[in-house]
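The primary structure of each chain is shown beneath.
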Amino acid sequence: SSLSPTTSVNMLAPTIRLSMATRLTSVALLPVLATAYISTSFTPSTFAARKAFHSLSRPSALHTASPSVLPLSQRRPIARGASALRSAYTTTEEGKFPSEEYRVFFKEDGKAISPWHDVDTWADKKNGIVNAIIEITKDTRPKMEVATKEETNPIKQDMKKGKLRDYPLDIYWNYGMIPKTWENPKAEHPEMKAFGDNDPVDIVEIGSKPIARGTICKIKAVGTLAMIDEGELDWKVIGVSTEDPKCKDISSVADMEKAFPGQIDAIREWFRNYKSDGKFEGGKWVDITEGQNSFGLGEECKDMKYTAEVIDETVEQYEALMAGKVDADGLSLK
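Just so it is clear, the structure is predicted and the values come from calculations on it, not from any experiment.

Describing helix H4 (residues 263–273)
By the criterion of burial, H4 is predominantly enclosed, with eight of the 11 residues buried. If you check which residues of H4 are buried, you get Gln263, Ile264, Ile267, Arg268, Trp270, Phe271, Arg272 and Asn273.

Digging into the pattern of salt bridges
Going through the model one piece at a time under the given rule, you end up with 19 salt bridges. Linking Asp120 and Lys180 is a salt bridge whose minimum nitrogen-to-oxygen distance equals 3.5 Å. Of this pair, Asp120 sits in the loop between strand E6 (111–113) and strand E7 (122–124) while Lys180 sits in the loop between strand E15 (174–177) and strand E16 (195–196), placing them 60 residues apart in sequence. The partner of Lys279 in a salt bridge is Asp287, with the nearest N and O atoms 3.3 Å apart.

A word on the packing of aromatic side chains
All told, the structure shown has 12 aromatic pairs when counted by the stated rule. With centroids separated by 6.2 Å and ring planes inclined at 55°, the aromatic side chains of Tyr172 and Phe280 adopt a geometry described as tilted. Within this pair, whereas Tyr172 is found in the loop between strand E14 (166–171) and E15, its partner Phe280 is found in strand E20 (residues 279–281), the two being separated by 108 residues in sequence. Its relative accessible area of 10% is what places Phe280 among the buried residues. Three or more aromatic residues link up through ring pairs in this structure, and these residues are Tyr167, Tyr175, Trp270, Phe271 and Tyr274.

Details of unusual backbone geometry
Residue Phe97 is joined to Pro98 through a cis peptide bond whose omega torsion reads -5°. With respect to the helices and strands, the residue Pro98 is situated in the loop between strand E4 (89–94) and strand E5 (103–108). With a phi close to 55°, Lys180 is a non-glycine residue in the positive phi region. Owing to a relative accessible area of 23%, Lys180 belongs among the partly exposed residues under this scheme. Residues other than glycine seldom take positive phi values, yet Glu299 does so here, at roughly 65°. With respect to the helices and strands, the residue Glu299 is situated in the loop between strand E22 (294–295) and helix H5 (304–322).

What to know about the confidence of the model for the protein
Caution applies to low-pLDDT regions: their predicted coordinates should not be interpreted in detail. Confidence in the prediction of the protein, expressed as mean pLDDT, is 82, and 74% of residues score 70 or more. Taken together, the stretch residues 1–83 has pLDDT below 50 and engages in 168 contacts with residues farther than four places along the chain or on a different chain.

Let's talk about the environment of Pro210
Residue placement: Pro210 occurs in the loop between strand E17 (202–205) and strand E18 (216–229). Pro210 sits in the buried class, given a relative accessible area of 0%. Sequence separation between Pro210 and Ile136 is 74 residues; the distance between their C-alpha atoms is 9.4 Å.

What about the side chain of Arg272?
With respect to the secondary-structure elements, Arg272 resides in helix H4. Relative accessible area serves as the criterion here: at 12%, Arg272 is assigned to the buried category. There is a polar contact of 2.9 Å between the side chain of Arg272 and the side chain of Glu299.

Quick look at the nonpolar core
Counting residues in each nonpolar core, the largest one holds 50 residues, and the members touching the most others are Met256, Trp270 and Phe271. Among all residues touching Met256, those that are not within four sequence positions of it are Ile206, Val222, Gly223, Ile238, Val240, Ile250 and Ile264. In terms of nonpolar packing, the next biggest core, distinct from the first, is built from 23 residues, Ala194, Ile211, Val310 and Val315 among them.

Calculation criteria
- Residues numbered from 1 in each chain as written.
- Predicted model: local features only at pLDDT ≥ 70, side-chain atom pairs only at ≥ 80, totals over all residues.
- Heavy atoms only, no water.
- Buried < 20%, exposed > 50% of the residue type's maximum accessible area, 1.4 Å probe, protein only.
- Helix = DSSP H or I, 4+ residues; strand = E, 2+ residues; numbered from the N terminus.
- Salt bridge = Lys/Arg side-chain N within 4 Å of Asp/Glu carboxyl O.
- Phe/Tyr/Trp six-rings, centres within 6.5 Å; stacked < 30°, edge-to-face > 60°.
- pLDDT = per-residue confidence, 0-100.
- Contact = heavy atoms within 4.5 Å.
- Polar contact = N/O pair within 3.5 Å; in protein donor to acceptor, adjacent residues only side chain to side chain.
- Core = buried A, V, L, I, M, F, W, Y, C linked by side-chain atoms within 4.5 Å.

Next comes the structure, spelled out in structure tokens:
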């Protein structure tokens, strides 16, 4: 079938704001609510359970109503404002979603660009603010990623064993990558003795609002976790959108923990266990026997200074890649 492109400045999606008046207070109900929450169906009953679960576990969050199932042309704006670099950037959706053919392409002033190669890493280095490309909107499951081996590096859905890949449960944060970074699979970290995962550096945006897939936005990079995934080093930078009202008061990991209590630990546990054989019930992982990821550096969320050093180191690795000093091994460098 032919592809039908639809152009928009930002990805669009409906949102639903939870009513605190309906908040349940019985923690004993969490296991039941969590089971309904991760149901693959989206019915009035499971939606009510999601509302109740979130009002118990994350009452301040704003949640999406299955935005990933709608074509971009039918969605409403999720995140706009000064942090979105939208003056010159546009996105074009091609192919049906979800499908193997689905892609989100990027343009600047009408010219095709790569979100990996043609967007600056730092928006404001002095204040620790990076540019980020959002690949996955919070509270969705499709595993979307910048296609590093395709020309212009559009966003696509990851494939595994010939099938479109979804997470086993919603990811609770906005997730994306930092442009002009690369984790070199031939460079061993001197302390953790692990090699890079051959991808740009990941960033987890911890703020309260969903940010649409394909948005290029500014995020204050506050901390980082050193995840080891199947023996590969896979940095997880954690930050806050400059559009989030709490961002101005955050300048350390401690500030971020105060503003978003428990979320750093939740991120660590989500990424530790999402590939495991366990189940997420009652707000926690249970029945795990294998498949967990691990974390280096004592599992600590490192501070802003260390995070900036990680980003700069992976910028150097990226620059070596682009200069031909490292074998691209199938990566698209344009």
